[in-house]
Amino acid sequence: MDPERYRTSPLDPTAVAELAAAGFELQLAEDPAATEAWYQAVRRGFHGGEYTAEHKAVRGARVGYRRRTIVRDPLAEAPGEVVGTFATWASELTVPGELVVDACAVSSVTVAPTHRRRGILRSLMSGALREAVAAGFPVAMLTVTESTIYPRFGFGAAAEAASWTIDTRRVRWTGPTTSGRLDFISRERLGEVAPILHERVRRRTPGEAQGPSGHWLHLPRTEADAEKATELRVVQHRDDAGEVQGLVAYTVAGAADETQHKVTVEFLATATDDAYAALWRFLLELDLVATVTAHELAADESLRWMLGDQRAATVTVLDHQYVRILDVVAALEARTYPAAGELVLSVADPLGFATGEYTLRVDASGIGRVEVGYTAPDAPRLTLGVTELGSLYLGGVRARTLAAAGRLEATDLDAVDDLFRSRVTPRLSFWY
Ligand SMILES: CC(C)(COP(=O)(O)OP(=O)(O)OC[C@H]1O[C@@H](n2cnc3c(N)ncnc32)[C@H](O)[C@@H]1OP(=O)(O)O)[C@@H](O)C(=O)NCCC(=O)NCCS
């Protein structure tokens, strides 16, 4: 996969023609003026304010890695006004087995409220998926504002994000005693160290993704809002050998009662159990703080067992990382499996990319090989849509659960779950 070649590859001709027939022009936003128009439209699409010079100063150059597309309306009050935006880039998705698969990441999807429900998104998405297939991506992925939009395009919810709010006054630390040391570091240092740490740990957890070059600079407190930026506090954990093994960035919101401050974790990454326990203990034992809130965690964090009182934590779970299988053979062969076995999959895909019958054979070492066709007559059989296959893929959603919801059928649900389950709970630690 050559990310730059993909980024500038030609637009899907069917999408160009569909949008032209509806009176619109589909273009890549490459030059500064088009990129600025793209930004303006993205901000308006998500109900943000105008894209100002301040935003530009902070974010201007940081979407360079994205393939940015715009839809222009020649008949608008300002001719050529951008009424649709889309972005994709070459990324990697972690799959079970501490492996990665090339993934087409999708973001910045907006259609102007004046132009909604005329099929602009459908053309953009179908075109982008065809482009992704042409470029050789086995999967696409995205995070969502609304759960209802993307399943129709074959994206299945595959990894959750849990938000934890902890009443620190109820906590009596029962976690391990840790070694190493904690120090405050600057925001600038965070910008250097966070991508390195994320690179070190992302392969451990299915659902994680590569942090694209500019992404780390999108930490909330660094965008345009200089005052807020100064509120960010960053603490690093180093082990006894002096190596950085954990980072937490957080903000503190004051309260009239100065003992009731609220801490929000903006970034947390740890490479060792020690760093994990040390940073959580640090947060939970901060003086003058009543609650600590952190997002994009797993629902089954070890943290729960370190609180003394499990009910000190309120946990809410959201669908977060969505996966779209484009090439069933390459996607299923990219991950490993916890047990040997055979399975015949019959996949239906409204957009056609994944439709077909496939035979998955997993050997004793957990390596899966896939043949197109129904070549194992005695194997259990799984019949499902591509959206459900996306949900099963990372091993965090059980076939039994989907079957009970009427979302798939299998002759042996336990066999499917024994094959697909992941030893590590899938999770994605950021939005994109
Ligand atoms: C979501 C959005 C991009 C949809 O664009 P659009 O051009 O109106 O969508 P389309 O007309 O192409 O609709 C395609 C299909 O998706 C459905 N759909 C579109 N938006 C939907 C929504 N918000 N919820 C549920 N379904 C939706 C349509 O009903 C249509 O279904 P069908 O083809 O099965 O009949 C647009 O409403 C928007 O910009 N919303 C605000 C920003 C946002 O949330 N973006 C998504 C970021 S993850």
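As the structure is a computational prediction, the values presented were derived from the model and not from experiment.

A.B. asks: Help me out: how do you make sense of the packing of aromatic side chains in this one?
C.D. replies: Note on aromatic pairs: each is described by the distance of the centres and the angle between the planes. For the structure shown, the criterion picks out ten aromatic pairs. Note on Tyr65 and Trp89: the rings are 5.3 Å apart at their centroids and 90 degrees apart in plane angle, and the pair reads as edge-to-face. With a gap of 24 residues between them, Tyr65 in the loop between helix H4 (53–59) and strand S2 (67–73) and Trp89 in strand S3 (residues 81–95) connect regions that are remote in the sequence. Here the two residues Tyr65 and Trp89 agree in accessibility, since each one is buried. The interplanar angle of 75 degrees and the centroid separation of 6.1 Å between the aromatic rings of Phe184 and Phe282 together place this pair among those described as edge-to-face. Residue Phe184 is found in strand S7 (residues 181–185), and its partner Phe282 is found in helix H8 (residues 273–284); the two are separated by 98 residues along the sequence. Phe184 sits in the exposed class, given a relative accessible area of 54%. Members of the aromatic cluster, connected to one another through ring pairs, are Tyr65, Trp89, Phe430 and Tyr432. Above the plane of the ring of Tyr6 lies Arg67, whose end atom (NZ or CZ) is 5.6 Å from the centre. Lying across the ring of Tyr374, Arg381 places its NZ or CZ 4.2 Å from the centre.

A.B. asks: Just checking my understanding: could you explain the sheet that holds strand S13 (residues 341–348) for this structure?
C.D. replies: Picture the strands of a sheet paired through backbone hydrogen bonds; they go either parallel or antiparallel. Read across the open sheet, the five strands follow the order S15-S14-S13-S16-S17; overall the sheet is mixed. With one partner strand each, in any of the chains shown, strand S15 (368–372) and strand S17 (408–410) form the two edges of the open sheet. The sheet shows a mean angle of 20 degrees between the axes of neighbouring strands, direction not considered. Pairing geometry for S13 and strand S14 (residues 356–362), over seven bridges, is antiparallel. Pairing of Leu343 across the sheet is with Leu360, part of S14. Running at roughly 115 degrees to strand S16 (residues 381–385), helix H10 (residues 386–393) makes contact with S13, S16 and S17 of the sheet. Helix H12 (residues 413–420) contacts S13, S14, S16 and S17 of the sheet and is inclined by roughly 100 degrees relative to S13.

A.B. asks: Would you take a moment to explain H8 for this structure?
C.D. replies: Spacing of three or four residues puts side chains on the same side of an α-helix, whose turn is 3.6 residues. The terminal C-alpha atoms of H8, which comprises twelve residues, lie 16 Å apart, in line with the 16 Å expected from a rise of 1.5 Å per residue. Among the twelve residues of H8, nine are classified as buried, and the element is accordingly described as predominantly covered. Of all the residues in H8, the buried ones are Ala275, Tyr276, Ala277, Ala278, Leu279, Trp280, Phe282, Leu283 and Leu284. If you follow the buried residues of H8, they end up packed against strand S6 (156–167), S7, strand S8 (233–238), strand S9 (244–253), strand S10 (261–270) and strand S11 (289–297).

A.B. asks: Would you explain the domain arrangement of the protein chain in this entry?
C.D. replies: A common way to express how large an interface is: the accessible area buried when the components associate. Domain boundaries in the protein chain define domain 1 (3–142), domain 2 (162–320) and domain 3 (327–420). The distance between the C-alpha centroids of domain 1 and domain 3 comes to 31 Å. Counting residues at the interface gives 13 residues for domain 1 and ten residues for domain 3. For the pair domain 1 and domain 3, the summed buried area comes to about 940 Å², and 77% of that belongs to carbon and sulfur atoms. Together, Val95, Pro96 and Pro138 form the three largest contributors to the area buried by domain 1 at its contact with domain 3, with a combined 43%. Where domain 1 touches domain 3, the interface holds zero salt bridges. Here domain 1 and domain 3 share two residue pairs in polar contact (both at pLDDT 80 or more) between them. Its residues assigned to classes, the side of domain 1 that touches domain 3 comprises nine nonpolar, three polar and one charged.

Rules behind the numbers
Within each chain, residue numbers correspond to sequence positions counted from 1 in written order. In keeping with the predicted nature of the model, local features appear solely for residues at pLDDT of at least 70, side-chain atom pairs appear and are counted solely at 80 or more, and the whole-chain, interface and lining totals rest on all residues. With hydrogens and water excluded, all non-hydrogen atoms of the structure serve as input to the side-chain values. Only centres within 6.5 Å qualify two rings of Phe, Tyr or Trp (six-membered ring in Trp) as a pair; their planes then separate them into stacked at under 30 degrees, edge-to-face at over 60, and tilted for everything else. Helix numbers and strand numbers start at the N terminus; a helix is a DSSP run of H or I with at least 4 residues, a strand a run of E with at least 2. Only protein chains enter the accessibility calculation, which uses a 1.4 Å probe. A residue is then buried if its area is under 20% of the maximum for its type, exposed if over 50%, and partly exposed in between. Whether a charge lies above a ring is judged from NZ of Lys or CZ of Arg, which has to be within 6 Å of the ring centre and within 35 degrees of the ring normal. When DSSP locates at least two bridges between a pair of strands, those strands are taken to pair. For helices, the fitted axis covers only the stretch in contact; all axes are lines through C-alpha atoms, and the angles between them, taken along N-to-C directions, range from 0 to 180 degrees. Any two residues having at least one pair of non-hydrogen atoms within 4.5 Å are treated as being in contact. Given the number of residues in a helix, its expected span is that number minus one, multiplied by 1.5 Å. The domain limits used here are those given by an automatic or database domain assignment. Throughout, the accessible surface (probe 1.4 Å) given up by two parts as they are put together, summed over both, is called the buried area. Here a salt bridge means any side-chain nitrogen of Lys or Arg lying within 4 Å of a carboxyl oxygen belonging to Asp or Glu. Polar contact criterion, stated in full: a pair of N or O atoms within 3.5 Å, where within protein one must be able to donate a hydrogen and the other to accept it, and residues adjacent in sequence count only if both atoms are side-chain atoms. Asp, Glu, Lys and Arg are counted as charged, while Ala, Val, Leu, Ile, Met, Phe, Trp, Tyr, Cys and Pro are counted as nonpolar; the rest, among them Gly, fall into the polar class.

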